[in-house]
Every structure is written in structure tokens, then in C-alpha cells.
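Next come the chains, spelled out residue by residue.
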Amino acid sequence: SRIMPVLAPPAAGAHGSCARGARLAAPRRVSRPHHLTTKARHLRGGGGGGGFSLDFGGRESSSPSSSSSSFVCASSAARVPLVLGSAAPAAAATGSDEHKPKTPPPDLPSLLLDSRIVYLGMPLVPAVTELLIAELLYLQYKDRKKDVYIYINSTGSCRADGEVVGFETEATAIFDTMNYVTTPINTVGVGVAIGQSCMLLSAGTHGKRYMLPHATAMLHQPRIAASGPRQATELQIRWKEVLAQKKAYLDILAATTGKDVDVLDKDMQRPKYMQPVDCVEYGIIDRILEPQNAPSAAAIVGEVKSGEKWDSEAGLVRKPMQ
């Protein structure tokens, strides 16, 4: 068991110095080996007799009186504990870890968001809609006048095989947020923009809607997921809701493309695929980003921070090489 011996109080008349006859107190053995006790009985005696000492087992043994002089008393009014087995603190580790960053590096979505880039690369499901709306609101909070860049590669509320995975209202929620924020919004079609995603591609600020040379767009009528057996009244209610969503879809496309609603309705009776050139003629986009237009195409990408700027804002200090 670990022992914490204490010094006996100095004899009367010592006046701030330790009495020569002060002897080490012998603490009692505790019943539990893993607990320390602060109880000790103090032996008060004269100056010339033999003293007591403690071995590591806590047993008393007689020893010469000179052994008591090895303990120094700092004050006559306080008992100074002596902790056995204490060690000096370990030295700070040095080596390759010394130059590691104190904070984790930023992840890729954070880098894109810092450059005011929003990437839509999945079908429109509630989780994707929530993230896009949150990013648009945050970017408006950061700067109301700086452009936002939305890159679109999505199949809309359906998967590529046509299976419905989301509601049509997911796209209208994003569209309403795009119109709500005051920041100019650039839309760039990469890959595919099908159905409701094609509507979002056309909903960017006029003059700032783009597609890459090999991207594809497609318009189709709103689709609903299979819902199992229903009563006739429920089917009628659902039918009215689908027609209302289709009307809203056509009205938005008519406003963004300049096409008549009847023309749009007729074109969407069957899936209408369009290449970038067709999208320009149809009013979905304003310009195709060709490699020969690289200098002008670079204007649609926001300013990206350099590595030194990221380090300085993260509080990292680059040390010169020795």
C-alpha cells in the first residue's frame, strides 16, 4: 500500500525552525490496499532519543535519531506532505508531429461552399433539397451581391431508370429559394439535367445560364410514385394535385424559357431530349461553355483561396525550413 508520511509539528519555542527532535509520524495501515489514508499518529518526544522510520510495507522500525534530520520544515505552522513515487512530468514530444496542422484541413464541400459553388449531383430527395436551400440562404447571408454558382448533374425527382424517388415539390422549393435570395445565380449544366433539374437549370439569372458541350437536358411530364390500392375519391384528389403540379411546372418553364404554355405542354407529351445547341434555341440556357472560350468561361468560377490564405485563416504558421 502507498504511504504518505507527514512531519510532526515542531516543538514549542522553535520560532519558525524545525525542532531537532521532530520525528516522522507512523501512519496506520489501511485495510484496502488501493486507498491512501491521511490519518497518522504523531509521536511527540524529546531531542535525544531514537526515532522511527517506515519501510515500504508500512512497518515501524527503530532508527537512529539522525534520520529525522533529513526532512526540512518550511514553516512551523504547516505540515509538509511528502508524496512517495512522484515523478517529473514527461518532456513534450518532438519530431514530425511538430509541423502538423493544429486544425483538420477543410473538406471538399466546405471548399466549394467557400467559393460560392453549390453542386447538385443527386436526384431531388428531401435531404438534397434541405442542403441546397441551406447553402443558398447561407451564401446570401455572407454576401448579398456576390454571384452563386449552381452546377447541375441530376435526374430530377426520378432515377435514371424512371423510378420516382422524390416529390415534385422538391424542385419548386429550390426554385422559390433561388428567386427569394437577392444574389445573382449562375447555373451550369454538367452531365444530365432531367425533368425538374432541367427546370432549375433554366431558372438561373438570365445571361448566366450555361451548359458544357457534352451535357444533356430532357423535359418530361410530372410523375408520381405507385401508392397501392386507393378509393375512387382518393384517386380523384390525387389526380387534381398532379394536375396542379403540372400547371406550376409549365408556368415556371414558360417564365424561364419564354415559350408558350401550350407549346411546352405539347412538347412534354413524350420525353424531349435536347443537346446544348437545342437548349440554347429552346431558351433553357444562354451559352455553351466551349474550350475555345476558356478565358470567358473562367469568369463563371468564383475566386478560390490560395493555400497560404487557408493556412492563415486557420491559424497555421508556416515555419521556414532549416
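This write-up is about the structure you can find in this document. Worth saying up front: this structure is predicted, and the values here are computed from it rather than measured.

Thresholds applied
Residues numbered from 1 in each chain as written. Predicted model: local features only at pLDDT ≥ 70, side-chain atom pairs only at ≥ 80, totals over all residues. Heavy atoms only, no water. Core = buried A, V, L, I, M, F, W, Y, C linked by side-chain atoms within 4.5 Å. Buried < 20%, exposed > 50% of the residue type's maximum accessible area, 1.4 Å probe, protein only. Helix = DSSP H or I, 4+ residues; strand = E, 2+ residues; numbered from the N terminus. Contact = heavy atoms within 4.5 Å. Axes fitted to C-alpha atoms, helices over the stretch in contact; angles between N-to-C directions. Parallel < 35°, antiparallel > 145°, perpendicular 65-115°, else oblique. Nonpolar A, V, L, I, M, F, W, Y, C, P; charged D, E, K, R; others polar. Pairing = 2+ DSSP bridges.

### A word on the nonpolar core
Grouped together as the largest cluster of nonpolar side chains are 40 residues, with contacts concentrated most on Ile-150, Met-178, Met-199, Leu-200, Leu-219 and Ile-284. Tallying contributions element by element places helix H5 (residues 232-257) first for this core, with 5 residues. Residues in contact with Met-178, not counting those within four places in the same chain, are Leu-136, Ile-150, Ile-185, Thr-187, Leu-200, Ala-203 and Gly-204. Tyr-151, Val-188, Val-190 and Leu-289 belong to the second-largest nonpolar core, a separate cluster that totals 7 residues.

### A word on the packing of helix H2 (residues 126-142) against helix H3 (residues 169-180)
Running from amino to carboxyl end, H2 crosses H3 at an angle of 5 degrees, the nearest separation of the two axes being 10 Å. Viewed along their axes, H2 and H3 adopt a mutual orientation that is roughly parallel. From H2, Pro-126, Thr-129, Leu-132, Ile-133, Leu-136, Leu-137 and Gln-140 reach across to H3, where they touch Glu-170, Ala-173, Ile-174, Thr-177, Met-178 and Tyr-180. A per-class count over the contact of H2 with H3 returns 9 nonpolar, 3 polar and 1 charged.

### Describing the pairing of strand S6 (residues 148-154)
By the criterion of burial, S6 is predominantly enclosed, with 6 of the 7 residues buried. Across 4 bridges, strand S5 (residues 117-120) lies against S6 in parallel orientation. Paired with Ile-117 across the strands is Tyr-149, a residue of S6. Relative to strand S7 (residues 185-194), S6 runs parallel, the two sharing 6 bridges. Each bridged residue has a counterpart across the sheet, and for Ser-154 the counterpart in S7 is Ala-193.

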